[in-house]
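Fold and contact review
One letter stands for each residue in the lines below.
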Amino acid sequence: MRGKLLSVICLMFAAGCNNIDSVEDRAIIQISGYDYVDEGRIKGTVGIPQYGEESARTVEELNLTVETESLKEFDIQIQNESSKPLSMGKLEVNLYNEDLASRGITDFMDILSRDPRIGRNIYLGIVDGDTQKLIEGDYNQNETTAKYLKGIIENNIDQNLPKTNLHYFLYAYYADGLDGFLPYLKKVNSHIEVSGISIFKEASQVTVIPAEDTLILKLLKEKVEKGSQTIQSDEGVIGMEITDSNTSYQVKKSGDSPRFIVNMTIKGFINEMKETGVESQRSSARIDHLEEEFSAYYKSKAEEMIELFKENETDPIGLGSLYKNRMRNFDKQAWEEQYPEVPVEVNVDLEITGMGISL
Amino acid sequence: MWRPKKKEQEKTIDRFQALSSGQTVQTLFDRLEHSNDFKRYKVGASGWVISYVSTMCDDKIINNALLPVLKKNEVQSLEDMKEKLLVDNIRVTEDTKKIEENVMAGHIIVQEKSADQKVLCIPASNNEGRKVSIPEVEFSVVGPKEAFVESIDTNMSLMRKRLPISQLTLRELKMGSITQTRVGVVYIDGIADEDNIQTVLQRLKNIDYDQIIDSSFISQMISDNSTSPFPQLLDTERPDRVVEVLVEGKIAIVVDGSPHVLTCPTTIVEFFSASDDYFLPWHLATAFRLIRLFAVFFSVLSTPLYVAILTYHHEMIPEELMSTIVASRADIPFPPILEVIILELTIELLREAGARLPTKIGQTIGIVGGIVIGTAAVDAGLTSNVLLIIVALAALASFTTPVYQIGNTIRLIRFPFLIGAQMWGLVGVAMVMMFYIGHLIKLTSIGRPFFAPLYPLRFLDLRDAFIRLPFSKQTDRPLQNRPEAPRRFNKKHVSERRDIDE
């Protein structure tokens, strides 16, 4: 009994040696971004919210920037500039400059995947231009850049942007036959926009998909329940809202070379039709025509996109991982050689469920 | 250090004991005459000597029944008088011990000669006490409005009224070497487990203490683990509640002078069930029970979690709450733990003051005072707004427990949690929680597991634990009590369709 009591007391005193700072005594980093300076030098910027008086309800953001040779040094140097111990626990957004991304972000992925304090649901992004300028920008009085940027990415994921966060990216990064992608962000005057998707091979950016084609990648990757696309048809510019979609993949193997069949079913309605002289009456023949036209559009776009991936030897859709799952004796080396030449057939089954209430 | 030798200690008999041993009626009355309320005088021509304690006796019996008989010289002997007096339960005795007991309980003693050992005891005690009133500690909106009082006889009649069966048994004991308190063990013969009855009786007989003022004395003395903060006997002031558990096969302990009756064996979940639960429809009662259970967890864990999260795990704070918490904490000079302890102690202070204030109005003033002190503390920058809300809610939640005793436990057990939270964060909270659960699993009430429907898992008892199923599903008495008649009613009667009557 006495021994037990003694050990509890010892534990109590040992715990007292721990240096504790409660939440208000820490600098909580919400956003961090890295820029490429030159060979072997990076510039890192962090954004720390400064919570003001309760009545004021305004949040200002403190930005610290340092230029260092390595990431480890960055941690040390940034502490030098801060009056409170820095804490990475509430990191929301992590950005990389395009130059840095095309040279590879392996080191950063290593840090992010190792630190247990960093959540798996944080957002990563690639910045077209200078990350520091984007973080330091003044966008909204009541919001920090981190919150603003997080809102933009979250809102776009509900729309045309495929699901993305650290978890998805790391999964793709470590998986065989699957490559990651990240939102491609750009500062335009006083706001930020998602201007595309940057496609990775391993940890380096290889190409960028423009904003208008992001929905195609989303259709290929996941079920779309809300997405809109404007399509240039021979009747004019038509806006289509997708309400439901499903994409299934089939692998057919003849001899040594696999063949992929992508079956896409899309449901949606027309919500915008710019008149170009053609009568806009509803008729089943006309709907059939539009369905055909749109099917062809999605088919060609998807094929184009897959072709682009093949050219860059990257595989964000995960054909390789699918092949690995379905086939015994997957040979990674052989697959990588086959991949640029592998035939992929896209079938689109599109249904227009409505054309709006007006005539 | 000098210690008296054990042998010497045993030999010494103190003056108190010496007085009551080896006495005769004469010495007893001589000693009693030191008290001014003891009356002893000769009556009538034949010189009967009557002795009684005037403060304990009813004048009516002396004046209307005894004195006329004595003064008219109608009787010749004590036996004769026993026949003629119109008073119940008269006894002739020579036993000094019994005579002492009787005279102290308000009997009138009649002797032929003042030196006679043989006496007549006429019961004449004036049973004055509080009237049966409405329950104040365990108030309920619906249901019976009777509460126990201080008299054991009244309390027994309250129970017998509700259980008019011959199987309802009362075993009475005298306890407390000085107070000589009447303690009754009540159970229904044929339902209550014989082992349980014997355990209770044995434990009561083993008590050697000079005073038993209240049932809580007994509760502390016979509990299985007296170092535990959890009460192992349930005390209630509601006769309906006692009757309910007697029918389930439990045992009640009634103590003269205490308006609270103890019931055992009990389990932890019984402390969170109110008598209201049985007066409401079962689904509503279930919902309220679950709310009460949540309130208990909230009350115990909210401030420790506040300390743990603010000190160690600020990653867990949602972004939307971050600015509120940080802004309200910004001006506070203390770390979260000190802030919490200050506020918790303030609340405890208010409660303690509220309990000592004479009326219920005092309590209201206490709460209002608490709010004033709270806002002032926030304005002065001693505590944060967020914490004030949490502490106030936790205090409110702890008032939802239907049994007062467990409320006290809940008040106190949060402090170890706070220490754990400060030292090791959530790990510390988990450690303290494990300690308590381990303790509860080990705990027994009259030899029966205290953590019962959960550990050991008694699946059938769960239908009246965290949830209360309808009466039609309560076919058996709780297994926990090991009832000798386990069936409440025949299940078939419930499921029979009586559509022919419609």
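The residue count restarts for each chain, going from 1 along the sequence in the order it is written. Chains and ligands are labelled by the order in which they are written, letters from A for the one and numbers from 1 for the other. Thresholds applied to this predicted model are a pLDDT of at least 70 for local features of residues and 80 or more for the giving and counting of side-chain atom pairs; totals over whole chains, interfaces and linings are not thresholded and use all residues. The side-chain figures draw on all heavy atoms in the structure; neither hydrogens nor water molecules are used.

A few words now on the overall build of chain A. Every helix listed is a DSSP run of H or I at least four residues long, and every strand listed is a run of E at least two residues long, numbered separately from the N terminus. Regarding its fold elements, chain A presents eleven helices and 14 strands. For chain A, the spread of C-alpha atoms along the principal axes amounts to about 85 × 55 × 55 Å. Here, two residues are considered to be in contact whenever any of their heavy atoms come within 4.5 Å of each other. Pairs at least 24 residues apart make up 66% of the contacts formed inside chain A by residues separated by at least 6 positions. In this description, accessible areas are obtained by the Shrake-Rupley approach with a 1.4 Å probe, and a residue is regarded as covered only by the protein chains that are shown. Within the structure as shown, chain A displays about 18200 Å² of accessible surface, and the carbon and sulfur contribution to it stands at 46%. For chain A, the separation between the mean place of its 38 positive charges and that of its 61 negative charges on side chains is 7 Å. The charge count includes Lys and Arg as positive and Asp and Glu as negative, but it does not include His or the ends of the chains. All charge positions are set by atom: Lys at NZ, Arg at CZ, Asp at CG, Glu at CD.

Turning our eyes to something else, we now look at a nonpolar patch on the surface. Surface patches are defined over residues having more than 30% relative accessible area and no salt bridge, joining like charges when they lie within 9 Å and nonpolar side chains (Val, Leu, Ile, Met, Phe, Trp, Tyr) when within 5 Å. A pair is scored as a salt bridge if a Lys or Arg side-chain nitrogen falls within 4 Å of a carboxyl oxygen belonging to Asp or Glu. Taken together, the side chains of M1(A), L5(A), V8(A), I9(A), M12(A), F13(A) and I419(B) make up a nonpolar region of the molecular surface, amounting to roughly 720 Å² of accessible area. With five residues, helix α1 (residues 2–16) of chain A is the single largest residue contributor to the nonpolar patch. Structurally, I419(B) can be placed in helix α17 (residues 404–424). Buried means the residue's accessible area, taken with a 1.4 Å probe over protein chains only, is under 20% of the maximum for its type, while exposed means over 50%, and partly exposed covers the values in between. The class for I419(B) is partly exposed, based on a relative accessible area of 42%.

A separate point is the sheet that holds strand β11 (residues 227–233) of chain A. Residues and elements named next belong to chain A. Strand order in the open sheet formed by four strands is β11-β12-β13-β14, with mixed pairing between adjacent strands. The open sheet has two free edges, formed respectively by β11 and β14 (344–354), since each of these has just one partner strand. The sheet shows a mean angle of 40 degrees between the axes of neighbouring strands, direction not considered. Throughout, an axis means a line fitted to C-alpha atoms (over the contacting stretch in the case of helices), and angles, computed between N-to-C directions, take values from 0 to 180 degrees. Along the sheet face, helix α8 (residues 214–221) touches β11, β12 (236–254) and β13 (257–273) and points at about 40 degrees away from the line of β12. Here a strand pair is declared whenever DSSP counts at least two bridges between the two strands.

It is worth spelling out the UniProt feature "transmembrane region" (unreviewed entry) in chain B at this point. Residue and element names in this part refer to chain B. UniProt positions are given in the numbering used here, feature names are shortened, and annotations may be inferred rather than shown by experiment. Those places that UniProt annotates as "transmembrane region" (unreviewed entry) correspond, in this numbering, to residues 290–312, 386–404 and 416–438. The span residues 290–312 shows a helical share of 96% and a strand share of 0%, and its end C-alpha atoms are spaced 30 Å apart. For residues 386–404, the end-to-end C-alpha separation is 28 Å, with 74% helix and 0% strand making up the annotated structure.

Stacked, edge-to-face and tilted labels apply to pairs of Phe, Tyr and Trp rings (six-membered ring for Trp) whose centres lie within 6.5 Å, assigned for plane angles under 30 degrees, over 60, and everything in between, in that order. Using the criterion set out here, one finds 20 aromatic pairs over all chains in the structure. A centroid spacing of 5.2 Å and a plane angle of 80 degrees characterise the contact between F169(A) and F200(A), whose relative ring orientation is edge-to-face. One end of the pair, F169(A), is in helix α7 (residues 166–174); the other, F200(A), is in strand β9 (residues 191–201), and 31 residues separate them in sequence. A single burial state applies to F169(A) and to F200(A), both of which are buried. Think of it as a cone above the ring: NZ of Lys or CZ of Arg counts as a charge over the ring if it is within 6 Å of the ring centre and within 35 degrees of the ring normal. When the ring centre of Y36(A) is taken as reference, the NZ or CZ atom of R103(A) above it lies at 3.9 Å. For R351(B), the ring lying beneath its charged end belongs to F399(B), and the centroid distance is 4.6 Å.

Residue and element names in this part refer to chain B. Counting buried residues in strand β7 (residues 181–188) gives seven out of eight residues, a clear majority hidden from the surface. Across eight bridges, the pairing between strand β6 (residues 168–175) and β7 is antiparallel. Residue pairing across strands places L170 opposite V186, the latter belonging to β7. Taking the residues between adjacent antiparallel strands as the criterion, β6 and β7 are bridged by five residues, where G176 takes a positive phi near 90 degrees. Summarising the sheet, β7 and strand β9 (residues 251–255) pair through four bridges and their orientation is antiparallel. Residue pairing in the sheet places G184 in a bridge with V254 of β9.

A separate point is the interface of chain A and chain B. Contacts between the two partners involve 23 residues from chain A, matched on the other side by 23 residues from chain B. Summed over both partners, the interface of chain A with chain B buries about 2200 Å², with 59% contributed by carbon and sulfur atoms. Linking chain A to chain B there are two salt bridges. A salt bridge links R329(B) to E24(A); the shortest N-O distance between them is 2.6 Å. A 3.5 Å cut-off defines polar contacts: any pair of N or O atoms within that distance qualifies, except that in protein one atom must be a possible hydrogen donor and the other a possible acceptor, and neighbouring residues in sequence count only when both atoms are side-chain atoms. At the junction of chain A with chain B, the criterion picks out eight residue pairs in polar contact (both at pLDDT 80 or more). No other element matches α1(A), which puts three residues into the side of chain A that touches chain B. Gly is placed with the polar residues, together with every amino acid not listed as nonpolar (Ala, Val, Leu, Ile, Met, Phe, Trp, Tyr, Cys and Pro) or charged (Asp, Glu, Lys and Arg). Class assignment for the residues of the side of chain A that touches chain B results in seven nonpolar, six polar and ten charged. Each of two parts loses accessible area, computed with a 1.4 Å probe, when they are put together; buried area is these two losses added.

This part takes up helix α4 (residues 59–71) of chain B. All names here are of chain B. Where α4 bends most, the angle comes to about 30 degrees, and this point is A65, followed within four residues by the proline P68. Taken residue by residue, α4 has I62, A65, L66, L67, V69 and L70 as its buried positions. If you follow the buried residues of α4, they end up packed against β1 (38–43), β2 (48–53), α5 (78–84), β4 (107–111) and β5 (119–123). The first or second residue beyond α4 is N73, which carries a positive phi of 55 degrees. Fitting one axis to the seven residues ending at a residue and another to the seven starting there, the bend at that residue is the angle between the two axes.

Residues and elements named next belong to chain B. Ordered by their spatial adjacency, five strands build an open sheet running β6-β7-β9-β10-β8, and the pairing between neighbours is antiparallel. Each end of this open sheet is capped by a strand with a single partner; those strands are β6 and β8 (234–236). Direction aside, the axes of adjacent strands within the sheet are offset by 25 degrees on average. Sitting on the sheet, helix α7 (residues 152–162) touches β6, β7 and β9, and the angle it makes with β7 is about 10 degrees.

Our focus in this paragraph is the side chain of S275(B). All names here are of chain B. Structurally, S275 is set in the loop between β10 (261–264) and α11 (276–279). Polar side-chain contacts of S275 include one of 3.2 Å to the side chain of R238. Once you skip the residues sitting within four places of it in the chain, S275 turns out to touch S140, R238, D240 and R241.

For the rest of this paragraph, the subject is the domain arrangement of chain A. All names here are of chain A. Under the domain assignment used here, chain A contains domain 1 (23–210) and domain 2 (223–359). Each of domain 1 and domain 2 has a C-alpha centre, and the two are 32 Å apart. Here domain 1 and domain 2 share an interface that buries about 1300 Å² over both sides, 52% of which is from carbon and sulfur atoms. Inspection of the region where domain 1 meets domain 2 yields two salt bridges. Residue K324 is joined to D176 by a salt bridge in which the shortest nitrogen-to-oxygen separation is 3.7 Å. Listing elements by their share of the side of domain 1 that touches domain 2, those giving two or more residues are β9 and β10 (204–210). When the residues that make up the side of domain 1 that touches domain 2 are grouped by side-chain class, the tally is six nonpolar, four polar and four charged. Annotation comment: domain bounds sourced from an automatic or database domain assignment.

Residue and element names in this part refer to chain A. Along the polypeptide, S245 turns up in strand β12. Exposure remark for S245: the relative accessible area of 1% places this residue in the buried category. Along the primary structure S245 and L350 are separated by 105 residues, whereas in three dimensions their C-alpha atoms are 9.0 Å apart. Ignoring sequence-local partners within four residues, the contact set of S245 consists of L219, E222, K223, V224, T265 and I266. There is a polar contact of 3.0 Å between the side chain of S245 and the backbone nitrogen of V224.

All names here are of chain B. By the burial criterion, the buried members of α7 are I152, N155, M156, L158 and M159. For α7, the arc enclosing every buried residue in end-on projection is 155 degrees, short of the 170-degree limit, so these residues lie on one face. Those residues of α7 that are buried are in contact with β6, β7, α10 (239–247) and β9. Measuring from the side-chain oxygen of the N-cap residue of α7 to the backbone nitrogen of D153 gives 3.3 Å; that N-cap residue is S151. The arc in question is traced by the directions running from the helix axis to the C-beta atoms.

It is worth spelling out the packing of helix α14 (residues 336–356) of chain B against helix α16 (residues 385–398) of chain B at this point. All names here are of chain B. Direction vectors running N to C along α14 and α16 enclose 40 degrees, while the axes themselves pass 10 Å from each other. In terms of orientation, α14 lies oblique with respect to α16. α14 and α16 meet at a crossing whose hand is right-handed. Residues E339, V340, L343, E344, I347 and R351 of α14 touch α16, and the partners they reach there are L387, L388, V391, A395 and S398. When the residues that make up the contact of α14 with α16 are grouped by side-chain class, the tally is seven nonpolar, one polar and three charged. Angles are sorted into four bins: roughly parallel if under 35 degrees, roughly antiparallel if over 145, roughly perpendicular if 65 to 115, and oblique for all others. Each crossing gets its handedness from the near helix: less than a right angle anticlockwise from the far helix is left-handed, clockwise is right-handed.

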